[in-house]
Every structure is written in C-alpha cells, then in structure tokens.
Amino acid sequence: MAQKFENDENVVTETKPEKKLKKPTLYKVLLHNDNYTTREFVVAVLKEVFHKSETDAVQIMLHVHYNGIGVAGVYTYEVAETKIKIVEAAAKDNGFPLRLSMEPEEG
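Just so it is clear, the model here is predicted, and its values are computed rather than measured.

Once that is clear, we can look at the pattern of salt bridges. Scanning all chains against the criterion turns up two salt bridges. Among the ionic pairs, Glu54 bridges to Lys47, the shortest N-O distance being 2.5 Å.

This is the structure in structure tokens:
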C-alpha cells in the first residue's frame, strides 16, 4: 500500500553554490640560443617533442637563433616541466648544451 504525503512543506531542499573551476596557470616553455646546438637538432626537438610542423619548427628555431630566446609551446606546469626534462636529456645524450626554461604565461 503506497503512502500519501499531503503536506510537502516540511521537505527541505538545499542547493549547493556552484563551484567555479579556476583554469590552470599555463607556462611558456622557452628555448635559449647557444653557439653549439645545431639548428637541425632544435628543429627535430620542436617537431618530435613539441609536435610542431616543419615550417613552424624552422620559424621558431630561426627566432631563437636571431633573438636569443623563443617560445616552444605553452602548457600546464607538469607538461611543461616534463617536456623540458625530455629535451634536456636528449640534448645531453647528443652532446649539446641546449637550455630550456619556463615562465608563467601572462593574461
């Protein structure tokens, strides 16, 4: 036998305030120019690790070559840190002193 509730005014409903998720801070991975790392190696790294096209990789490499520093990509902290470690290990294995760093993206 089903129970009937004639008086629903005793039912309390509670709504939770919506939590706004904050977007994670993004970080620019920066390549630093040096006089020893080959242009070919930098282009290869940009293509393989940062998934750049040949054209984009060459443009970034030339920017780094002529300006001393350039952005390889923009990622969350963990991804940026991992990519830096991968590239620096590959550079070391190939005898290159290629240096990378990261900084928070503004905006």
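Before going further, it helps to examine the nonpolar core. Counting 23 residues, the largest nonpolar core has Val29, Leu31, Leu46, Phe50, Val87, Leu98 and Leu100 as the members making the most contacts within it. Those elements that provide at least two residues to this core are β1 (26-32), α1 (39-48), α2 (54-67), β2 (69-76) and α3 (77-93). Sorting elements by how many residues they give to this core places α1 first, with five residues. Non-local contacts of Val29, meaning those with residues more than four positions away in its chain, are made with Phe50, Gly70, Val71, Ala72, Gly73, Tyr75, Ala80, Ile84, Leu100 and Ser101.

Located in the positive-phi region is His51, a residue other than glycine, with phi close to 55°. Note on placement: His51 falls in the loop between α1 and α2.

In the contact formed by α1 and α2, the axes pass within 9 Å of each other and the chain directions differ by 130°. By the angle class used here, α1 and α2 are oblique. Where α1 crosses over α2, the handedness of that crossing is right-handed. Contacts from Arg39, Val42, Val43, Leu46 and Lys47 of α1 reach α2 at Glu54, Ala57, Val58, Ile60, Met61, Leu62, His65 and Tyr66. A per-class count over the contact of α1 with α2 returns nine nonpolar, one polar and three charged.

Here the focus is α1. Among the residues making up α1, those that are buried are Phe41, Val42, Val43, Val45 and Leu46. Those residues of α1 that are buried are in contact with β1, α2, β2 and α3.

As for its position among the elements, Asp56 is in helix α2. The exposure class assigned to Asp56 is partly exposed, which follows from its relative accessible area of 35%. Separated by 13 residues in sequence, Asp56 and Val43 place their C-alpha atoms 8.9 Å apart.

Rules used in this analysis
Residues numbered from 1 in each chain as written. Predicted model: local features only at pLDDT ≥ 70, side-chain atom pairs only at ≥ 80, totals over all residues. Heavy atoms only, no water. Salt bridge = Lys/Arg side-chain N within 4 Å of Asp/Glu carboxyl O. Core = buried A, V, L, I, M, F, W, Y, C linked by side-chain atoms within 4.5 Å. Buried < 20%, exposed > 50% of the residue type's maximum accessible area, 1.4 Å probe, protein only. Helix = DSSP H or I, 4+ residues; strand = E, 2+ residues; numbered from the N terminus. Contact = heavy atoms within 4.5 Å. Axes fitted to C-alpha atoms, helices over the stretch in contact; angles between N-to-C directions. Parallel < 35°, antiparallel > 145°, perpendicular 65-115°, else oblique. Left-handed = near helix turned anticlockwise from the far one by under 90°. Nonpolar A, V, L, I, M, F, W, Y, C, P; charged D, E, K, R; others polar.

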